[in-house]
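Examination of the molecular architecture
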Amino acid sequence: CVEGQTIFEEGDPGDKLYFVDRGEVEVLIRNPAGGERRVALLRDGDYFGEIALLEDVPRTATVRTRVPSTLLVLDRKRFLDLLQAAPDLRAAFERGVEDRRRANLAVLAETVRADR
């Protein structure tokens, strides 16, 4: 992926899990004023896209590359098959989802306080 490439946008359907092999991506969510706020910066070895796959919901954030990046991709079916075969892995991903949600809410709350 080239620098500045949008991998997916908030609200898009979730169909893949992504791993950052090399590079850097930023995770952005819409704030109450309609702008974007970065909630995470992901680098080599990090992953994203699991929330939409685990909960069967649209993408909860926009993800964009910050530098040229190589991403590895696992489609929905293979991801869900893997989780069915490895319940401990599913539990780990679910814990990660909760951690990400708390972090995102904290950033949004900070944005609202700063705008007042």
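Scroll up for the structure.
What comes next is a walk through the structure. These numbers were taken from a predicted model, which means no experiment stands behind them.

The nonpolar side chains of soluble globular proteins are, as a tendency, buried together. Ranked by internal contacts, the top residues of the largest apolar core, which has 14 residues, are Ile 7, Val 25, Phe 48, Val 63 and Leu 71. For this core, the secondary structure elements donating two or more residues are β1 (6-8), β2 (16-22), β3 (24-30) and β4 (36-43). In this structure Ile 7 touches Cys 1, Tyr 18, Phe 48, Val 63, Thr 65 and Leu 71, once residues within four positions along its chain are discounted. If you look at the next biggest cluster of nonpolar residues, it comprises eight residues, including Leu 17, Ile 51, Leu 53 and Val 97.

Let's shift gears to the environment of Thr 6. In this structure, Thr 6 sits in strand β1. Separated by 13 residues in the primary sequence, Thr 6 and Phe 19 have C-alpha atoms spaced 15 Å apart. Among residues more than four places away in sequence, those in contact with Thr 6 are Thr 62, Val 63 and Arg 64. There is a polar contact of 3.2 Å between the side chain of Thr 6 and the side chain of Arg 64.

With that out of the way, let us pick up the sheet that holds β1. If you walk across this open sheet you meet the four strands as β1-β6-β3-β4, and the pairing is antiparallel. Either end of the sheet is taken by a strand with one partner, and the two such strands are β1 and β4. Each strand axis lies, on average, 30° off the axis of its neighbour in the sheet, ignoring direction. Direction of pairing for β3 relative to β4: antiparallel, over a ladder of seven bridges. By the bridge assignment, Ile 29 is partnered in β4 with Arg 37.

For Leu 17, the position within the fold is in strand β2. Judged by its relative accessible area of 0%, Leu 17 falls in the buried class. Between the C-alpha atoms of Leu 17 and Asp 75, which are 58 residues apart in sequence, the distance is 6.3 Å.

Once that is clear, we can look at the pairing of β2. Here is the key point about a regular strand: its side chains alternate between the two faces of the sheet. Relative to strand β7 (residues 70-75), β2 runs antiparallel, the two being bridged by six bridges. For Arg 22, the partnering residue across the bridge sits in β7 and is Thr 70. Sheet topology note: the β2/strand β5 (residues 47-48) ladder contains two bridges and is antiparallel. Note that in β5 the partner of Tyr 18 across the bridge is Phe 48.

For the structure on display, the rule yields six aromatic pairs. When the ring of Phe 8 is compared with that of Phe 48, the centres are 5.8 Å apart and the planes differ by 45°; the resulting orientation is tilted. Residue Phe 8 is located in strand β1, and its partner Phe 48 is located in strand β5; the two are separated by 40 residues in the primary sequence. Per residue, the accessibility class of Phe 8 equals that of Phe 48, and both read buried. Plain terms: the ring middles of Tyr 47 and Phe 93 are 5.0 Å apart, the flat faces sit at 65° to each other, and that makes the pair edge-to-face. Here Phe 93 lies in helix α3 (residues 87-115) and Tyr 47 lies in strand β5, a separation of 46 residues in the sequence. For Tyr 47, a relative accessible area of 23% gives the class partly exposed. Among the aromatic residues, those joined into a cluster by ring pairs are Phe 19, Tyr 47, Phe 79 and Phe 93. Here Arg 59 stacks its cationic end above the ring of Phe 8, 3.9 Å away from the centre of that ring. Positioned over the ring face of Tyr 47 is Arg 100, at 4.9 Å from the centre of the ring.

Conventions used here
Residues numbered from 1 in each chain as written. Predicted model: local features only at pLDDT ≥ 70, side-chain atom pairs only at ≥ 80, totals over all residues. Heavy atoms only, no water. Core = buried A, V, L, I, M, F, W, Y, C linked by side-chain atoms within 4.5 Å. Buried < 20%, exposed > 50% of the residue type's maximum accessible area, 1.4 Å probe, protein only. Helix = DSSP H or I, 4+ residues; strand = E, 2+ residues; numbered from the N terminus. Contact = heavy atoms within 4.5 Å. Polar contact = N/O pair within 3.5 Å; in protein donor to acceptor, adjacent residues only side chain to side chain. Pairing = 2+ DSSP bridges. Axes fitted to C-alpha atoms, helices over the stretch in contact; angles between N-to-C directions. Phe/Tyr/Trp six-rings, centres within 6.5 Å; stacked < 30°, edge-to-face > 60°. Lys NZ or Arg CZ within 6 Å of the ring centre and 35° of its normal.

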